[in-house]
4 protein chains.
Amino acid sequence: MDIQESEEIKKEFQLERMVLFSDAVFAIIITIMVIEIKLPEDLHHASKEDIRRAIIHLLPKIGAYMMAFFITGMFWSRHLKLFSYLKDYTNSLIALNLAFLFFVSLFPLGISVMLDTLTPRNYDGLYMYFTIVLLGILTQTILTGHIIKHAQNLCIRPDGIESNLEWRAQRIQFIAIPILFIYCILCFLSQVSPQFISYGVIAWAAITGLIRKKLY
Amino acid sequence: MDIQESEEIKKEFQLERMVLFSDAVFAIIITIMVIEIKLPEDLHHASKEDIRRAIIHLLPKIGAYMMAFFITGMFWSRHLKLFSYLKDYTNSLIALNLAFLFFVSLFPLGISVMLDTLTPRNYDGLYMYFTIVLLGILTQTILTGHIIKHAQNLCIRPDGIESNLEWRAQRIQFIAIPILFIYCILCFLSQVSPQFISYGVIAWAAITGLIRKKLY
Amino acid sequence: MDIQESEEIKKEFQLERMVLFSDAVFAIIITIMVIEIKLPEDLHHASKEDIRRAIIHLLPKIGAYMMAFFITGMFWSRHLKLFSYLKDYTNSLIALNLAFLFFVSLFPLGISVMLDTLTPRNYDGLYMYFTIVLLGILTQTILTGHIIKHAQNLCIRPDGIESNLEWRAQRIQFIAIPILFIYCILCFLSQVSPQFISYGVIAWAAITGLIRKKLY
Amino acid sequence: MDIQESEEIKKEFQLERMVLFSDAVFAIIITIMVIEIKLPEDLHHASKEDIRRAIIHLLPKIGAYMMAFFITGMFWSRHLKLFSYLKDYTNSLIALNLAFLFFVSLFPLGISVMLDTLTPRNYDGLYMYFTIVLLGILTQTILTGHIIKHAQNLCIRPDGIESNLEWRAQRIQFIAIPILFIYCILCFLSQVSPQFISYGVIAWAAITGLIRKKLY
């Protein structure tokens, strides 16, 4: 094995290491919430009805866990697709990937806060959860943008990558997410009814979805 | 290295990534319960008998942990065998694998609920545990079915795969598990003695075991 | 790539998967105890002395964590050496490896029980910890024995493996550990002073250490 | 494949295993703190203001988590760079790597203790945190030193490694960190104002930073 080839294999391995580190973080995040789901203490002396009620009370938590599991799974499979084009890495890529993983790691917290506080009169937990997911999408968009910008150096097939990653649709998020944040902060400050924030989020989801459909 | 070969290696690596992600989830699930096993607080001033009693009370929890460990280990080694035939992957495979991992990740919860609530008068925890394991087997069967159906594209030796995975015996579960669920729901609704549900599970285990033996 | 070579690579990958799964379990076990180390709640309004006392109370826990970390690290590095000879695997190897990982996963529990209950008058936690570590060494010895017995099929250099793994010294454990267990149970049943058990453990450590030194 | 080549691949794989084990430990450490961040129990019946206050109280914890996440990420990316030069390993390397991982695994504990106890009158938590991070930097320096000392056997490009790892700047830590520790212990024993310790840490950071800048 000559040094040239040996170094190329080394570079591949560094990239692999970054990817498998991300996978380990994803795997921990995706299963972390199951630790929080448990019955109240000392049910051995409880009545049959109490036990059944305690088990039924687990169901919304299992539902929230399922939601966190599949949302994280979706981000993971997008990460899988994104990194399948890489053949090299840079320090910026490591930093952006860490920033993306940071927001992903907040997903379970966001869902658990939302579940614990959501009532017809209080949407704070829901807003917190939306914020976390939007920041996740935003950092993923920045990460995708970085890879596309440096495609000639970083990717194995630099020419087809823009259409493969549906970049023209995804880069809309660079404008759409900041606008949505500003809109939400304005709503919050002007003390209008929380419904207006929901309308904003629905409009954001509809518009970005329509653009993706139209472009691809 | 030409592009053709480079892409083939990339595809292998994506598959490897899906497999190692699954392994990380399995590894977390298989060890997660050990966090829950602990002594009550402040035993330093307790009497010798209290401490011995507290340690003895850990034993059923260690037993439940051992059970969860080896059941998860069995599912993992089946997953190892199943994925050893793959040479490619599809989006459906990623989704089915995530669904399978979701039910696997509920195993420790199921065992801990069963242990906390099982009394001669209350089988709710046991039913919950059976449900989780049966859904795990069901999604594993669906995953196996998907791989066999697309064996020509996905597998390295598509011809021998049906007999290698004992598919003729395992696909019985497509009918057997839904029948068992309907039977259990009917038992539950008609308020018959819980023993009838146990008879159903035993009959299911015996019939599927016999069919496997007869066929292979 | 012909089918022969493709299958050989697949076999290598299955083995790699078993090894990396073990590594993930080791990594979780080795870091799991750090979650348990925390200050009591609400120290913000405590006096300076209370806070210093609380921090000093963390030190024995950090010591126990360090102990668990390096004992697990030693077992891991032995596992690394052991599996470096493998080129193939069997179902028994998977099962023995899982059994070994099971006892390894009990190490942090053993150390935490020992720390919480050890007093001059009570050695129960210490015995529990010894039992777990001895069962870990025993299953590791069984695993090593299985690999050496099937070295012709499983290993890359079957001839030198016995001396490389210091097998003639390690197989003593097959006799030494059961004898030690029987001795301890007899001590326990005849209600002699706990010191006698400690003498047994020290004798076991000294004898196996001397044999290893003499043989290699 | 002849035996020579087969053994070389095996050696590569052992190294890969050590690296991926380290990555799994890093991944667990980097996400472990998110488990600790949670709302107080039973907020469903709390008033709107109480819920908002509880969510706002999460923010410093999320900030501490972010800090731990990125500090650990920095150590990880340095580890990635360091190990990218390796082609072989020794038992000392395994031991030094474990010692380094041990101090890394204490980072989340250090940050959480600091957050819980830091007041204008009490810096104990801050000192504990500094101590942990400094010991992490120290073991990383020892690890780097070991790799550079044995570069001819361990590394793929032994000649350029000293300048690549900025060794002339980093080895200053061998003297700087012990001096800092002795200074802090003297400050602590002579009961001077805690500010003096802060001055020491700032001087250490400034001097090592300046030396790095001047040398590279």
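Keep in mind it's a predicted model, so treat the numbers as computed, not measured.

> Can you walk me through the relation of the copies chain B and chain A in this structure?
Two copies of the chain are present, and they differ by a rotation about an axis and a shift along that axis. When chain B is brought onto chain A, the operation consists of a screw motion whose angular component is 90° and whose axial shift is 0.0 Å, with 0.0 Å RMSD remaining. Taken together, the rotation angle and the small translation identify this as a four-fold axis. The C-alpha atom lying nearest the rotation axis in chain B is that of alanine 24 of chain B; the distance is 4.4 Å.

> Teacher, can you tell me more about the interface of chain A and chain D here?
Interfaces are frequently sized by the accessible area removed from exposure as the parts join. Counting residues at the interface gives 39 residues for chain A, matched by 38 residues for chain D. Overall, the association of chain A and chain D removes approximately 3,500 Å² of surface from exposure, summing both partners, and the carbon and sulfur fraction of that is 72%. Of the charged contacts in the structure, one is a salt bridge between arginine 52 of chain D and aspartate 124 of chain A, with a shortest N-O distance of 2.8 Å. On the surface where chain A and chain D come into contact, there are 4 residue pairs in polar contact (both at pLDDT 80 or more).

> How should the side chain of threonine 72 of chain C be read in this particular structure?
Residue and element names in this part refer to chain C. Tracing the chain through its elements places threonine 72 in helix 2 (residues 48-83). Classification of threonine 72 by relative accessible area gives buried; the value is 0%. Side-chain polar atoms of threonine 72 contact the backbone oxygen of alanine 68, separated by 2.5 Å. Leaving out residues up to four positions away in the same chain, threonine 72 has contacts with Phe26, Ile29, Ile30, Val104 and Phe107.

> I would appreciate a short explanation of the pattern of salt bridges in the present structure.
A side chain of one charge can pair with a side chain of the opposite charge if their charged atoms are brought near each other. The tally for this structure, following the rule as stated, stands at 16 salt bridges over all chains. The closest approach of N and O atoms between arginine 17 of chain C and aspartate 23 of chain B, which form a salt bridge, is 2.7 Å. Here aspartate 23 of chain B lies in helix 1 (residues 3-36) and arginine 17 of chain C lies in helix 1 (residues 3-36), a pairing that spans two chains. Residue arginine 17 of chain C is classed as buried on the basis of its relative accessible area, which comes to 0%. Taking the relative accessible area as the measure of exposure, aspartate 23 of chain B reaches 3% and is therefore buried.

> Which parts of the structure should I look at to understand the interface of chain B and chain A?
The partner chain A presents 38 residues to the 39 residues of chain B that form the contact. Summed over both partners, the interface of chain B with chain A buries about 3,500 Å², with 72% contributed by carbon and sulfur atoms. Between the two partners, chain B and chain A, sit 2 salt bridges. Counting across the chain B and chain A interface gives 4 residue pairs in polar contact (both at pLDDT 80 or more). Secondary-structure elements contributing two or more residues to the side of chain B that touches chain A are helix 1, helix 3 (91-105), helix 4 (107-117) and helix 5 (124-149) of chain B. It is helix 1 of chain B that provides the largest number of residues to the side of chain B that touches chain A, a total of 17 residues. In terms of residue class, the side of chain B that touches chain A is built from 24 nonpolar, 7 polar and 8 charged.

> Quick question: what am I supposed to make of a nonpolar patch on the surface here?
Residues and elements named next belong to chain A. Where nonpolar side chains cluster on the molecular surface, the patch consists of Tyr183, Val192, Phe196, Tyr199 and Ile202 and spans about 480 Å² of accessible area. Of all the elements, helix 10 (residues 195-215) adds the most residues to the nonpolar patch, at 3 residues. With respect to the helices, strands and loops of the structure, valine 192 is situated in the loop between helix 9 (173-189) and helix 10. On the basis of relative accessible area, valine 192 is assigned to the partly exposed category, the value being 37%.

> Hey, could you run me through the confidence of the model for chain A in this one?
Note that predicted coordinates carrying low pLDDT should not be read in detail. Averaged over all residues, the pLDDT of chain A equals 84, while 94% of them reach at least 70. Mean pLDDT per element in chain A: helix 7 (residues 161-164) of chain A is the minimum at 78, and helix 3 (residues 91-105) of chain A is the maximum at 93.

> I would appreciate a short explanation of the packing of helix 3 of chain B against helix 5 of chain B in the present structure.
Any two packed helices are characterised by the angle at which their axes cross and by the distance between the axes. Residue and element names in this part refer to chain B. Axis separation between helix 3 and helix 5 bottoms out at 8 Å; the angle between their running directions is 160°. Compared by their axis directions, helix 3 and helix 5 come out roughly antiparallel. Crossing geometry of helix 3 relative to helix 5 is assigned as left-handed. Facing Ser92, Leu93, Leu96, Asn97, Ala99, Phe100 and Phe103 of helix 3, the residues of helix 5 in contact are Ile132, Leu135, Gly136, Thr139, Gln140, Ile142, Leu143, His146 and Ile147.

> Honestly, helix 10 (residues 195-215) of chain C in this entry has me stumped. Any pointers?
Residue and element names in this part refer to chain C. The end-to-end C-alpha distance of helix 10, which contains 21 residues, comes to 30 Å, matching closely the 30 Å that a straight helix rising 1.5 Å per residue would cover. Buried within helix 10 we find Ile197, Gly200, Val201, Trp204 and Thr208. Buried positions in helix 10, seen along its axis, are confined to an arc of 95° and lie on one side of it. Summarising the geometry of helix 10, the exposed residues directed more than 90 degrees from the buried face are Ile202, Leu210, Lys213 and Lys214. Considering only its buried residues, helix 10 is in contact with helix 5 (124-149) and helix 9 (173-189).

> What exactly am I supposed to notice about helix 9 (residues 173-189) of chain D here?
It helps to recall that an α-helix has 3.6 residues per turn; residues three or four apart then point in one direction. Residue and element names in this part refer to chain D. With 17 residues, helix 9 should reach 24 Å at 1.5 Å per residue; the first-to-last C-alpha distance of 24 Å fits that figure. Considered for burial, the residues of helix 9 that qualify are Gln173, Ala176, Ile177, Leu180, Cys184 and Cys187. Angularly, the buried residues of helix 9 cover 90° about the axis, an arc narrow enough to put them on a single face. Exposed and oriented more than 90 degrees from the buried face of helix 9 are Ile175, Ile179, Ile182, Leu186 and Leu189. Tucked inside the fold, the buried residues of helix 9 contact helix 5 (124-149), helix 8 (167-170) and helix 10 (195-215). Phi for glutamine 191, located one or two positions after helix 9, is positive at around 55°.

Definitions and limits used
- Residues numbered from 1 in each chain as written.
- Chains lettered and ligands numbered in written order.
- Predicted model: local features only at pLDDT ≥ 70, side-chain atom pairs only at ≥ 80, totals over all residues.
- Heavy atoms only, no water.
- Least-squares fit on C-alpha atoms with pLDDT ≥ 70 in both.
- Contact = heavy atoms within 4.5 Å.
- Buried area = accessible area lost by both parts, 1.4 Å probe.
- Salt bridge = Lys/Arg side-chain N within 4 Å of Asp/Glu carboxyl O.
- Polar contact = N/O pair within 3.5 Å; in protein donor to acceptor, adjacent residues only side chain to side chain.
- Helix = DSSP H or I, 4+ residues; strand = E, 2+ residues; numbered from the N terminus.
- Buried < 20%, exposed > 50% of the residue type's maximum accessible area, 1.4 Å probe, protein only.
- Nonpolar A, V, L, I, M, F, W, Y, C, P; charged D, E, K, R; others polar.
- Patch = residues over 30% accessible without salt bridge, like charges linked within 9 Å, V, L, I, M, F, W, Y side chains within 5 Å.
- Areas by Shrake-Rupley, 256 points an atom, 1.4 Å probe, with all protein chains shown as cover.
- pLDDT = per-residue confidence, 0-100.
- Axes fitted to C-alpha atoms, helices over the stretch in contact; angles between N-to-C directions.
- Parallel < 35°, antiparallel > 145°, perpendicular 65-115°, else oblique.
- Left-handed = near helix turned anticlockwise from the far one by under 90°.
- Expected span 1.5 Å × (residues − 1).
- Arc of directions from axis to C-beta.

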